Amino acid sequence: MRIVDNLRNKIISQITAAANKAKEAGELFFEELPSFVLEVPREKSHGDYATNIAMALTKVAKLPPRQIATILIQHLDTAGTFIKETEIAGPGFINFSLNPAWLDQLLPVVEDTDVNYGSSDIGEGRRVQVEFVSANPTGLLHMGNARGAALGDTIASLLDRAGFKVAREYYVNDSGNQIQNFGKSLEARYFQQLGQDVPFPEDGYHGEDVKETVAGFIEKVGDKYLNSGEELRREMLVDYALKEKLSLIETALANFGVKYDLWFSEQSLHD
């Protein structure tokens, strides 16, 4: 059990003991202690914890809640609770302020657990898939992708530390209209770099990286596909370009500290 849970349970135990002591002393009257809560107040000025036990006892003890709170505080043993101050607030809340020394208990725990400090098993090994970035492989990554990478990888890391079985996925959008436009763009640059006077599609990809990709393709295969069928030419261009772009994307993300368990191809669904 965590240190905070131990501390909280100790305070609840001492509050319960104070109520029973007041009952034995004839100062409070109840057959069974009603349920109450111990919670962190919304306002830090109200202390570290607050309880509503005095108000919960009002009906059975037949006393004003602030009077009940006074009685409870008089019987409260704070040994082992790190309670430094108590205060009656509002209609009868009891606020507790803790001695910061309770935090010293964390130091040996941090040292003993090392890099595993803060982890838990609340996920119980349930499988979770976190899909993030998944930028179209038609160009290079930009700062918006970097933001998505930081958020997605952090979420995955938090879930992993919480005991979930996490899979990081990059969904590769290698099918659909954007790939068709990509193929047309590559083809136009291919023709142009081989001396052909052809227009560039208005809805194509105008980035300089497309020109660089086609230059690399030409260096590898030359004009082999200049007079081939359109379908084959675009297929070979897109295949080359996607492999190049995805390699660059994967390298950029790895340099950024993000690695994926799965690169899932949309085209594989169609295939």
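Refer to the structure printed above.
Residues numbered from 1 in each chain as written. Predicted model: local features only at pLDDT ≥ 70, side-chain atom pairs only at ≥ 80, totals over all residues. Heavy atoms only, no water.

A. Main features of the packing of helix 6 (residues 177-193) against helix 7 (residues 208-221). The geometry of helix 6 relative to helix 7 is characterised by a closest axis approach of 9 Å and an angle of 60° between their N-to-C directions. For the pair helix 6 and helix 7, the sense of crossing is right-handed. Of the residues in helix 7, those touching helix 6 at F182, S185, L186, R189, Y190 and Q193 are V210, K211, T213, V214, A215, F217 and I218. (Axes fitted to C-alpha atoms, helices over the stretch in contact; angles between N-to-C directions. Helix = DSSP H or I, 4+ residues; strand = E, 2+ residues; numbered from the N terminus. Left-handed = near helix turned anticlockwise from the far one by under 90°. Contact = heavy atoms within 4.5 Å.)

B. Quick look at the pattern of salt bridges. Using the criterion set out here, one finds ten salt bridges in the structure. For the salt bridge of D153 with R168, the shortest nitrogen-to-oxygen distance reads 2.7 Å. Here R168 lies in strand 6 (residues 165-172) and D153 lies in helix 5 (residues 143-161), a separation of 15 residues in the sequence. Judged by its relative accessible area of 14%, R168 is buried. E244 is the partner of K245 in a salt bridge, and the nearest nitrogen-oxygen pair spans 3.7 Å. By relative accessible area, K245 is classed as buried at 1%. Looking at E244, the relative accessible area reads 24%, which means it is partly exposed. What emerges from the salt-bridge pattern is a single network uniting E187, E230, R233 and R234. (Salt bridge = Lys/Arg side-chain N within 4 Å of Asp/Glu carboxyl O. Buried < 20%, exposed > 50% of the residue type's maximum accessible area, 1.4 Å probe, protein only.)

C. Focus on unusual backbone geometry. A positive phi angle is found at K62, which is not glycine, with a value near 55°. The residue K62 is located in the loop between helix 2 (53-61) and helix 3 (65-75) in this model. Given the relative accessible area of 69%, K62 is considered exposed. At S134, a residue that is not glycine, the phi angle is positive and equals roughly 45°. Relative to the helices and strands, S134 resides in the loop between strand 5 (127-131) and helix 5. Note on S134: relative accessible area 12%, which makes it buried.

D. Just the side chain of R189, in detail. Tracing the backbone through its elements, the reader meets R189 in helix 6. For the buried residue R189, which engages in no salt bridge, the nearest side chain bearing the opposite charge is E208, 6.3 Å off. Side-chain polar atoms of R189 contact the side chain of Q192, separated by 2.8 Å. Those residues within four positions of R189 in sequence are excluded, and the remaining contacts are F200, H206, V210, K211 and V214. (Lys, Arg positive; Asp, Glu negative; His and termini not counted. Polar contact = N/O pair within 3.5 Å; in protein donor to acceptor, adjacent residues only side chain to side chain.)

E. Seen up close, helix 1 (residues 3-24). Relative to the 32 Å expected for 22 residues at 1.5 Å per residue, helix 1 spans 31 Å between its end C-alpha atoms, a close match to the ideal helical length. Within helix 1 the residues assigned to the buried category are I3, L7, I11, Q14, I15, A18, A19 and A22. On an axial view of helix 1, the arc spanned by its buried residues comes to 155°, and they lie on one face. Directly beyond the C-terminal end of helix 1, a positive phi value near 80° is found at G26. (Expected span 1.5 Å × (residues − 1). Arc of directions from axis to C-beta.)

F. Structural context of the packing of helix 1 against helix 3. At a closest axis distance of 8 Å, the pairing of helix 1 and helix 3 adopts a crossing angle of 100°. With respect to each other, helix 1 and helix 3 are oriented roughly perpendicular. Residues A18, A19, K21 and A22 of helix 1 pack against I71, L72 and H75 of helix 3. Here the residues of the contact of helix 1 with helix 3 are counted per class, giving five nonpolar, one polar and one charged. (Parallel < 35°, antiparallel > 145°, perpendicular 65-115°, else oblique. Nonpolar A, V, L, I, M, F, W, Y, C, P; charged D, E, K, R; others polar.)

G. Representation of the packing of aromatic side chains. If you walk through the whole model with that rule in mind, you get ten aromatic pairs. A ring pair is formed by F182 and Y205, whose centres lie 5.7 Å apart and whose planes are at 85°; its orientation type is edge-to-face. Note that F182 is positioned in helix 6 and Y205 in the loop between helix 6 and helix 7, a separation of 23 residues in sequence. A connected cluster of aromatic rings, assembled from ring pairs, spans Y190, F191, F217, Y225 and Y240. Seen from the ring of F30, K23 lies directly overhead, with NZ or CZ sitting 5.0 Å from the centre. Above the plane of the ring of F200 lies R189, whose end atom (NZ or CZ) is 3.9 Å from the centre. (Phe/Tyr/Trp six-rings, centres within 6.5 Å; stacked < 30°, edge-to-face > 60°. Lys NZ or Arg CZ within 6 Å of the ring centre and 35° of its normal.)

H. The arrangement of helix 6 in detail. For helix 6, spanning 17 residues, the distance from its first C-alpha to its last is 24 Å, which sits close to the expected 24 Å at 1.5 Å a residue. Q178, I179, N181, F182, G183, S185, L186, E187, A188, R189, Y190 and F191 are the residues of helix 6 that are buried. Looking at the packing, one finds that the buried side of helix 6 touches helix 7, helix 8 (230-255) and helix 9 (266-270). At the exit of helix 6 stands G195, carrying a positive phi of roughly 85°.

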